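Listed below, chain by chain, are the residues.
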Amino acid sequence: MNFSFFEKKSEDNLHTIAFYNLENLFDALSDKNTLDLDFTPNGSRKWTPTRYRKKLQKLATTIAKVGLQAAGNPPTLVGIAEVEKGTVVQELLATDPLKEYNYGYVHYDSPDERGIDTALIYNRDNFKVIQSKPIPLIVHAINGDRDTTRDILYVQGLLNGEMLHVFVNHWPSRRTGNQETDYKRIEAANTIISYMNLIEEEFKDPNYIVMGDFNDGPTSISVQTLMGADKLYNPMQTLRSPTRGSVNYRRSWNLFDQIMVSHNFFNYGKGTHSFSHADIFDEAFLTESKGRYKGSPFRTYAGEKYKGGYSDHFPVYVLLKLN
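Residues numbered from 1 in each chain as written. Predicted model: local features only at pLDDT ≥ 70, side-chain atom pairs only at ≥ 80, totals over all residues. Heavy atoms only, no water.

All right, on to the overall build of the protein chain then. Regarding its fold elements, the protein chain presents six helices and 18 strands. Against the compact-globule benchmark of 20 Å for 323 residues, the protein chain has a radius of gyration of 19 Å, which places it among compact chains. Along the three orthogonal principal directions, the C-alpha set of the protein chain runs to about 55 × 55 × 40 Å. Taking all 323 residues of the protein chain together, the buried fraction comes to 55%. By sequence separation, contacts in the protein chain at least 24 residues apart represent 70% of the contacts at least 6 residues apart. Of the roughly 14400 Å² of accessible surface on the protein chain, a fraction of 48% belongs to carbon and sulfur atoms. Treating the 37 positive side-chain charges of the protein chain as one cloud and the 39 negative ones as another, the clouds have centres 7 Å apart. (Helix = DSSP H or I, 4+ residues; strand = E, 2+ residues; numbered from the N terminus. Rg over C-alpha atoms; globule rule 2.2 N^0.38 Å. Buried < 20%, exposed > 50% of the residue type's maximum accessible area, 1.4 Å probe, protein only. Contact = heavy atoms within 4.5 Å. Areas by Shrake-Rupley, 256 points an atom, 1.4 Å probe, with all protein chains shown as cover. Lys, Arg positive; Asp, Glu negative; His and termini not counted. Charge placed at Lys NZ, Arg CZ, Asp CG, Glu CD.)

In terms of nonpolar packing, the biggest core is built from 65 residues, with L92 and I209 touching the most fellow members. Looking at this core, the element that brings in the most residues is strand 1 (residues 14-25), giving seven residues. With residues up to four places along the chain from it excluded, the contact list for I209 reads I17, L164, H165, V166, F167, I259, M260, V261, F265 and L320. (Core = buried A, V, L, I, M, F, W, Y, C linked by side-chain atoms within 4.5 Å.)

As summarised here, the arrangement of the six strands in space is 5-8-9-10-14-11, forming an open sheet in which the pairing is mixed. Two strands in the sheet have a free side with no partner beyond their single neighbour: strand 5 (127-135) and strand 11 (232-233). One ladder, built from five bridges, connects strand 10 (residues 208-213) with strand 14 (residues 257-262); its direction is antiparallel. What sits directly across from V210, in strand 14, is M260. (Pairing = 2+ DSSP bridges.)

Let us look at the packing of helix 2 (residues 49-65) against helix 4 (residues 86-93). Direction vectors running N to C along helix 2 and helix 4 enclose 65°, while the axes themselves pass 9 Å from each other. The interaxial crossing formed by helix 2 with helix 4 has right-handed handedness. On the side of helix 2, the interface is formed by Y52, L56, L59, A60 and I63, while helix 4 contributes V88, E91 and L92. Split by residue class, the contact of helix 2 with helix 4 holds seven nonpolar, no polar and one charged. (Axes fitted to C-alpha atoms, helices over the stretch in contact; angles between N-to-C directions. Left-handed = near helix turned anticlockwise from the far one by under 90°. Nonpolar A, V, L, I, M, F, W, Y, C, P; charged D, E, K, R; others polar.)

All right, on to helix 2 then. Across its 17 residues, helix 2 extends 25 Å between first and last C-alpha, which sits within 8% of the 24 Å expected from 1.5 Å per residue. Among the residues of helix 2, those classed as buried are Y52, K55, L56, L59, A60, T62, I63 and A64. The elements touched by buried residues of helix 2 are strand 1, helix 3 (68-71), strand 2 (77-83) and helix 4. Immediately beyond the C-terminal end of helix 2, within one or two residues, lies G67, with a positive phi of roughly 75°. (Expected span 1.5 Å × (residues − 1).)

With that out of the way, let us pick up the sheet that holds strand 2. Read across the sheet, six strands follow the order 3-4-2-1-18-15 without closing on themselves; strand pairing throughout is mixed. The strands lining the two open edges of the sheet, one partner per strand, are strand 3 (103-107) and strand 15 (273-280). Strand-to-strand twist across the sheet, computed as the mean angle between neighbouring axes with direction ignored, equals 20°. Pairing geometry for strand 2 and strand 4 (residues 117-123), over six bridges, is antiparallel. Within the sheet, the bridge partner assigned to V78 lies in strand 4 and is I121. Helix 4 rests against strand 1, strand 2, strand 3 and strand 4 of the sheet, and its axis sits at about 165° to strand 3.

So, on to the packing of aromatic side chains. Geometrically, a pair of aromatic rings is defined through the distance of the ring centres and the angle of the planes. In total, this model carries 16 aromatic pairs according to the counting rule given. Taken together, the ring pairs connect Y154, F167, Y195 and Y208 into an aromatic cluster. We note R51 situated over the ring of Y306; from NZ or CZ to the ring centre the distance is 3.8 Å. The positively charged end of K65 is found above the aromatic ring belonging to F285, 4.7 Å away from the centroid. (Phe/Tyr/Trp six-rings, centres within 6.5 Å; stacked < 30°, edge-to-face > 60°. Lys NZ or Arg CZ within 6 Å of the ring centre and 35° of its normal.)

When you tally the buried positions in strand 2, you get seven out of seven residues, the bulk of the element. Pairing of strand 1 with strand 2 involves six bridges; the strand directions are parallel. Note on strand 2: the bridge partner recorded for Y20 is I80.

Moving on, we get to the pattern of salt bridges. One pass over the full model with this rule turns up 11 salt bridges. The residue R185 makes a salt bridge to D182 at a minimum N-O spacing of 3.1 Å. Pair noted here: R185 and D182 are both in helix 5 (residues 178-202), with a separation of three residues, about one helical turn. Accessibility classification places R185 together with D182 in one group, the buried group. Here E288 makes a salt bridge to K307, at a shortest N to O gap of 3.0 Å. Of this pair, E288 sits in the loop between strand 15 and strand 16 (301-302) while K307 sits in the loop between strand 17 (305-306) and strand 18 (316-322), and the two are 19 residues apart along the sequence. In this structure K307 comes out as partly exposed when scored by relative accessible area, which is 31%. (Salt bridge = Lys/Arg side-chain N within 4 Å of Asp/Glu carboxyl O.)

Laid out in structure tokens, this is it:
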């Protein structure tokens, strides 16, 4: 696709807000604090520095293109999931073509035993971080032990001068069954609602962006619990389709990756941002080109088999217009 053609028709006042699950972005070094031996040269996945650098290159190229057709610039904010540590985010941002831009990032090590965290990448030209913190997600296994899952990343900042409250999520997986794990994702929804209530004690009519891999679709109990607080609009609900999604499991599409915005993004006052568009970034270069999984995300691994692709998820994004 000829991106330069679209750049000429782009608008300077459009800003892309994206989310991307990067599928196990680990360096090839062993870390005694995490269960990362699979992602080392001698581990089950034979993960080498060369494979790591190739993945960095693929991901950096992808991130730079999300929303580029419309906005003419790489994304202003990108929430990411499945990063091992802050240094891999640094190395991602130091990779062409991202290194050409003024990106910073926010990351905290989470208690997830696999060592996969969330982070927020932001363009310093348009976004200024005021404060950030990890919000612990306290859920327990059936036996009563705490399930050490990912924190929810909270970042308060100024987007082109307008105050914004951003939540980056990677909710507990369905690995042991959907209904068996529903309660964990419902607790994640309630954790965000509780934190929003605290924000509203200090800020009148705050602007929220809630993004992430929710491991649930827009109509699920957990996401509907979050929407039930009537603080958010979910543009991803209109993108649901049997033939399209952000992740494909057993040849069935799901839209687990979502970005929600508060209702005040439908105001049009000068100096504010308004919602313009939402989409899945499922360009052909990110897909399997042939075989039974043609059209699915071209992933780095299928089980322990190295495929050399990008990620098992597609990025999703929204466009905000600066009025």
